[in-house]
Amino acid sequence: MYSEQLNLAMPTTTTSSSSFSSAASSSGNRQADVFSRLASPDPEVKLKALREVKNQIIGNRTKKLSFLKLGAVPAIASALSDSECNSILVQSAAALGSFACGFEAGVQAVLDAGVFPRLLRLLTSSDEKVVDAGARSLRMIFQSNQAPKYDFLQEKNMEFLFSLLNSENENVSGLGASIIAHACGTTVEQQVLCEAGVLEKLVILLDGSLSQREACLESLATVLKNNPEAVSRFVGLEAGRYLSSVTELTKDRYPRTRLLSCLCLVVIYNTSPSYFLNMGTKSSLVTTLLELLNDPGQSGDEAALGLSSLIAEKEDLQKLAYEANAIKNIVDILKTGSELHPKRLQGLFLSLAELCSKLEDCRCSFLSLEMLDLLVNALRHNNADVRTAACICFRNAARSVKVAVLGALSNIVLDFSSPKSTFIEYGGIKQLIELSKSMDPNTRCSALRALRNLMFLADKKRKELFYSEVKAQGFVSLISGKQSPLNHNHMIHLILQLTTKTKTYSSSDPEPTVQEQGLALLRNLVDGCINSIEFVFDEEGLILDTVGRQLRKSPQAQMAIQGMYVLTNVASGTELHKEAVMQQLFPQPQAESNNFMLKFLQSHESQLRSATVWTIINLISPSSPGALDRHVKLREEGIIPQLKNMVNDACLDVKIRIRTVLSQSMSFVPDTLIIPQVKAVRKSLYHYLYHS
Amino acid sequence: MATSKKVITRDEWEKKLNAVKLRKEDMNTLVMNFLVTEGFFLFPYGETAEIDLATITDRMAVKKAVQNGNVEDAIEKVNDLNPEILDTNPELFFHLQQQRLIELIRQGKTEEALEFAQEELAPRGEENQAFLQELEKTVALLVFEDASNCPVKDLLDISHRLKTASEVNAAILTSQSHEKDSSLNPKLPSLLKMLIWAQNQLDEKAVYPHINDLSTGQLQNPSE
């Protein structure tokens, strides 16, 4: 991708873009050339080639890959095995070490080349540089998951390990510590190491060079993890001096040292918290880890996991973290938009999950930060650990019952066209349905609002999923005894969403199953209290009666809007449905001459005008058999003429719909009725519609 | 503008400064530390037993190579000294590669520079998005007929070499660092940071002569 940009930046002095392909192939040629010289019998040539390869691959992942593909590793391994010349040993070991440095494919290749024992033998060389090179390479290998298993239980291996730890050479002692850090796994191994005196050896490294300190901290963490006896032994060394040293190192100038010492303390705290009675230490541990989260490299990745491990299940530490602004800091990092390493994402979400696990303040704080889109994206991440962490985070955050929180939840617009979406898997809808049955009316209301938003623009599959979830619980229980106006509003919205196909007018095949079920839903709604702004849902009769009744009672604009949309949707159904709507609009016999449709069309609320016009559109859709009769009726009632007065409605949406109606109307005027006035009106309308 | 802060005149300030007693040994240590870490002086006297002269020489050779524009040579020397440094320091490695490109451009070797940019620098950008911006700046040098007068001409400045040299020097020092208070840890930068911090703190309480230019250390009157 980037090479294309370089193409554009190319000055005109060069010949052509083919110079780039030749550049690529010439570099390929150079690589092949140096590779062939690796096999040279002449030691001078071989040495030079080894050095060249080494210098090309160090720091350069791309080159490591391309040399790897050429088969450089086995070639270098042979050079190492077949030579006794110190320079060749140094260069080949260094090259192999570089292949293994942070590059899993390289580690694999080095191990596959069978050169591991040879590297071990280098440690006994009389040449210090050879020892250094060997020790470094081995350390790179042991940092990988693919490193050979080290059997600490074998006495020979223990002896060897301790000989490494005792070495004056810092690379060698560092190797010893690295082996422990990465290969020690079981409690038995920890025990055996402690009894052999490994802790005493390791702590000496704390006063050594930077790399020794870091290797020591890593290995301490491994040996002490979940082993109270080992921890007590460590703390007991020189009356707690080394615990203090490690604590001091959390303020070291080097971030990696700070990180490793923090991780060590986290291990100690999780294993034996009694050594951390001091609030100050706990607090500074939390804040140091929080600072380290901002490190862009590996330290930041590991700090996130470290933090989640530290605050797990510990309410007091979660509080400390919250007070130190952890939530905002973490959310800011997540929102930076740059690609974060999966480990870091996992750590950050787990930390958030822990923060939200017990503390209501945390949950509110978190949900107020509009993180939900990011959270949902994380639910779809290709790394399973990240998905799991995001789910736990979501689940914990959703425990909150505050309305504001649920209000934020209702802003989720989830697209789960695949029914197997993680959200559903983890019971997102179930969660909301549960909440919609809460004792607290505000909670019920907010949950319904969330459900309603979920169903917005939902496809048939999603709706059916909802039905299947809801059926299991019994839909009637969605509505509990005391209705609040908000609940009803949301319930209507919810039903609206469920019964809506799309917003656009469509006379084509409705989805009978969904619509029928929507109407069935309506039928099942339990009776509530009547008041001037509420709709009543009859258990027995169709909601339509009630909706119609309410509409005829001059409701407030918002209610009228909802009611008209209900009618719109019903009118988009079958003939029977359209007729039923007509019944509601113009009941026989008419008790009052009050024609609410006319009133609505003259309303100040553009949405109400719009909703009313929609209903009309659906009622007279030309493809349905009864459309003509309905059109006649609408004309008689003065609805169509009213629409003609509204061709210049201020609201664009309304204007467009009216034109739709009027153009539909054209098809209803029978050709036999060629009255000059009608002709004239028709002509001017045509002109108006199509030429203005 | 009315201020509730205490006002300290130049005279008063200088009197206070002169009243501070510094031990000569401390001054010597500081100067020695600077000379040793910057590689001017290979034979430290006074304290410091554990400095390996060979490593200082190696480190100085690397620094000198960068300062002279021989970046490839510098890279080879660093790798001989400790192959891990560049393998574990992607930012430093990128800056060295960048400097190499700059040198090629400076020498007018345009085609070689292009090849190098494509082969060596572009992958760095792919491996690590954080480098893309600097990468673009550097490649921009190739676009202009007269690179020494373009918007990114600062890259060609000798000071950029010094910056890169300093970065490498610091990385080597880090890898060689022994005790926490080793004389190989440069002390001057920390002292300067502390000076600035102290001035910032005092700013909230008083008006007094500042040192604004660290390179001259001149006091500037409060009104200036």
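Here the residue numbers are simple positions, counted from 1 along each chain's written sequence. Chains carry letters and ligands carry numbers; both start at the beginning, A for chains and 1 for ligands, and go up in the order they are written. Local features in this predicted model are restricted to residues whose pLDDT is 70 or higher, and side-chain atom pairs enter the listing and the counts only when it is 80 or higher, whereas totals over whole chains, interfaces and linings include all residues. Side-chain metrics in this entry use all non-hydrogen atoms of the structure; hydrogen atoms and water are not considered.

- An unreviewed UniProt entry lists chain B under the name CTLH domain-containing protein, from Brassica napus.

- As named in an unreviewed UniProt entry, chain A is Armadillo repeat-containing protein 8, taken from Brassica napus.

Overview of the overall build of chain B
Next up, step 1: Where helices and strands are cited, they refer to DSSP runs of H or I of at least four residues and of E of at least two residues respectively, numbered from the N terminus. A tally of regular secondary structure across chain B gives 10 helices and four strands.
Next up, step 2: Along chain B, from the amino end to the carboxyl end, the secondary structure elements read β-α-α-α-α-α-α-α-α-α-α-β-β-β.
Next up, step 3: Think of it in three bands: residues with accessible area under 20% of the maximum for their type are buried, residues over 50% are exposed, and the middle band is partly exposed, with areas taken using a 1.4 Å probe on protein chains only. Classification of the 224 residues of chain B by burial places 39% in the buried group.
Next up, step 4: Taking the contacts inside chain B whose residues are at least 6 apart along the sequence as the reference set, 56% of them involve residues at least 24 apart.
Next up, step 5: Accessibility throughout is a Shrake-Rupley quantity obtained with a 1.4 Å probe, and a residue counts as covered only by protein chains that appear here. Accessible surface, chain B: about 13000 Å² in total, of which carbon and sulfur atoms supply 54%. Contacts are assigned to residue pairs that have any heavy atoms within 4.5 Å of one another.

Details of the nonpolar core
Residue and element names in this part refer to chain A.
Next up, step 1: Phe-152, Ile-180, Phe-234, Phe-349 and Phe-366 are the most contacted members of the largest nonpolar core, which has 134 residues in total.
Next up, step 2: A per-element tally of this core places helix α17 (residues 255–271) first, with 10 residues.
Next up, step 3: Those residues in contact with Phe-152 that lie beyond four places of it in its chain are Met-158, Leu-161, Ile-179, Ile-180, Ala-183, Cys-184, Glu-189, Val-192 and Leu-193.
Next up, step 4: We call a set of buried Ala, Val, Leu, Ile, Met, Phe, Trp, Tyr and Cys residues a nonpolar core when their side-chain atoms join them within 4.5 Å. In terms of nonpolar packing, the next biggest core, distinct from the first, is built from 38 residues, Met-597, Ala-627, Ile-640 and Phe-668 among them.

Quick word on helix α16 (residues 241–249) of chain A
All names here are of chain A.
Next up, step 1: Here α16 has its buried residues at Tyr-242, Leu-243, Ser-245, Val-246 and Leu-249. Seen end-on, α16 carries its buried residues on one side only, within an arc spanning 155 degrees.
Next up, step 2: Where α16 is buried, its residues touch α13 (198–204), α14 (210–224), α15 (228–236) and α17. The directions from the helix axis to the C-beta atoms are what the arc is built from.

Section: the side chain of His-160 of chain B
Residues and elements named next belong to chain B.
Next up, step 1: Tracing the sequence through the fold places His-160 in helix α9 (residues 158–176).
Next up, step 2: His-160 sits in the buried class, given a relative accessible area of 11%.
Next up, step 3: Excluding anything up to four places from it in sequence, His-160 contacts Gln-98, Gln-99, Ile-102, Asp-154 and Leu-155.

Regarding a nonpolar patch on the surface
Next up, step 1: There is a patch of nonpolar side chains on the surface, built from Val-20, Leu-22 and Met-27 of chain B and spanning about 300 Å² of accessible area.
Next up, step 2: The topology assignment puts Leu-22 of chain B in the loop between α1 (10–19) and α2 (24–37). For patch building, the residue pool is restricted to those with more than 30% relative accessible area and no salt bridge; the joining distance is 9 Å between like charges and 5 Å between nonpolar side chains (Val, Leu, Ile, Met, Phe, Trp, Tyr). Each salt bridge in this description consists of a side-chain nitrogen of Lys or Arg and a carboxyl oxygen of Asp or Glu lying within 4 Å of one another.

A word on the packing of aromatic side chains
Next up, step 1: For Phe, Tyr and Trp, where Trp contributes only its six-membered ring, two rings pair if their centres lie within 6.5 Å, and the inter-plane angle classes them as stacked under 30 degrees, edge-to-face over 60, or tilted in between. Throughout the structure, instances matching the rule amount to six aromatic pairs over all chains.
Next up, step 2: With a centroid separation of 5.3 Å and an interplanar angle of 55 degrees, the aromatic rings of Phe-596 of chain A and Phe-600 of chain A are classed as tilted. With Phe-596 of chain A and Phe-600 of chain A both in helix α36 (residues 596–601), this residue pair falls four residues apart, about one helical turn.
Next up, step 3: Judged by its relative accessible area of 7%, Phe-600 of chain A is buried.
Next up, step 4: Taken together, a centroid distance of 4.9 Å and an interplanar angle of 35 degrees make the contact between Trp-13 of chain B and Tyr-208 of chain B tilted. Separated by 195 residues along the polypeptide, Trp-13 of chain B in helix α1 and Tyr-208 of chain B in the loop between β2 (206–207) and β3 (210–211) bring together distant segments of the chain. Of the two residues, Trp-13 of chain B and Tyr-208 of chain B, both sit in the buried class.
Next up, step 5: Taken together, Phe-116, Phe-142, Tyr-150 and Phe-152 of chain A form an aromatic cluster joined through their ring pairs.

Concerning the confidence of the model for chain A
Residues and elements named next belong to chain A.
Next up, step 1: Each residue carries a pLDDT score, the predictor's own confidence in it, on a scale running from 0 to 100. Per-residue confidence for chain A averages 77 on the pLDDT scale, and 69% of its residues sit at or above 70.
Next up, step 2: Within chain A, no element has a lower average pLDDT than helix α1 (residues 2–8), which sits at 33, and none a higher one than helix α6 (residues 86–100), at 96.
Next up, step 3: Confidence drops under a pLDDT of 50 for residues 403–422, and excluding neighbours within four residues, the segment shows 45 contacts in the predicted structure.
Next up, step 4: A low-confidence stretch, residues 499–543 stays under pLDDT 50, and its non-local contacts, those more than four residues away or across chains, total 87 contacts.

What to know about helix α21 (residues 326–334) of chain A
Next up, step 1: Along α21 of chain A, the positions that sit buried rather than exposed are Ala-326, Ile-327, Ile-330, Val-331, Ile-333 and Leu-334 of chain A. The buried residues of α21 of chain A all sit within an arc of 160 degrees when viewed along its axis, so they share a single face.

Quick word on the state of the cysteines
Next up, step 1: Note on terminology: pairs of cysteine sulfur atoms within 2.5 Å are recorded as disulfides. All chains considered together, the criterion is met by zero disulfides over all chains.
Next up, step 2: The thiol sulfur of Cys-184 of chain A is not disulfide-bonded, and the nearest other cysteine sulfur, from Cys-194 of chain A, lies at 8.3 Å.

Looking at the environment of Phe-144 of chain B
Residue and element names in this part refer to chain B.
Next up, step 1: With respect to the element layout, Phe-144 can be found in the loop between α8 (132–143) and α9.
Next up, step 2: For Phe-144, a relative accessible area of 35% gives the class partly exposed.
Next up, step 3: With residues near it in sequence (within four places) discarded, Phe-144 still touches Cys-150 and Pro-151.

With respect to the environment of Val-71 of chain B
Next up, step 1: Of note, Val-71 of chain B is situated in helix α4 (residues 71–81).
Next up, step 2: Note on Val-71 of chain B: relative accessible area 1%, which makes it buried.

Things to note about the packing of α14 of chain A against α17 of chain A
All names here are of chain A.
Next up, step 1: Only the contacting stretch of a helix is used when fitting its axis, a line to C-alpha atoms as for every element, and angles between N-to-C directions run 0 to 180 degrees. Interhelical geometry of α14 versus α17 gives an angle of 20 degrees and a closest axis separation of 9 Å. Considering the angle they form, α14 stands roughly parallel to α17. Judged by the twist between their axes, the crossing of α14 over α17 is left-handed. For the pair α14 and α17, the contacting residues are Leu-210, Arg-213, Glu-214, Leu-217, Glu-218, Leu-220, Ala-221 and Leu-224 in the first and Arg-256, Thr-257, Leu-260, Ser-261, Cys-264, Val-267, Ile-268 and Thr-271 in the second.
Next up, step 2: We call Asp, Glu, Lys and Arg charged. Ala, Val, Leu, Ile, Met, Phe, Trp, Tyr, Cys and Pro are nonpolar, and the rest, Gly among them, are polar. Residue composition of the contact of α14 with α17, by class: nine nonpolar, three polar and four charged. Angles are sorted into four bins: roughly parallel if under 35 degrees, roughly antiparallel if over 145, roughly perpendicular if 65 to 115, and oblique for all others. Should the near helix be turned counterclockwise from the far one by less than a right angle, the crossing is left-handed, whereas a clockwise turn marks it as right-handed.

Details of the packing of helix α37 (residues 606–619) of chain A against helix α40 (residues 652–666) of chain A
All names here are of chain A.
Next up, step 1: Packing of α37 against α40 leaves a shortest axis separation of 9 Å and a crossing angle of 20 degrees. It follows from the interaxial angle that α37 and α40 lie roughly parallel. As for the relative orientation of α37 and α40, their crossing is left-handed in sense. In this structure, α37 contributes Ser-606, Arg-609, Ser-610, Val-613, Trp-614, Ile-616 and Ile-617 to the contact, and α40 contributes Asp-653, Val-654, Arg-657, Ile-658, Thr-660, Val-661 and Gln-664.
Next up, step 2: For the contact of α37 with α40, the per-class residue count stands at seven nonpolar, four polar and three charged.

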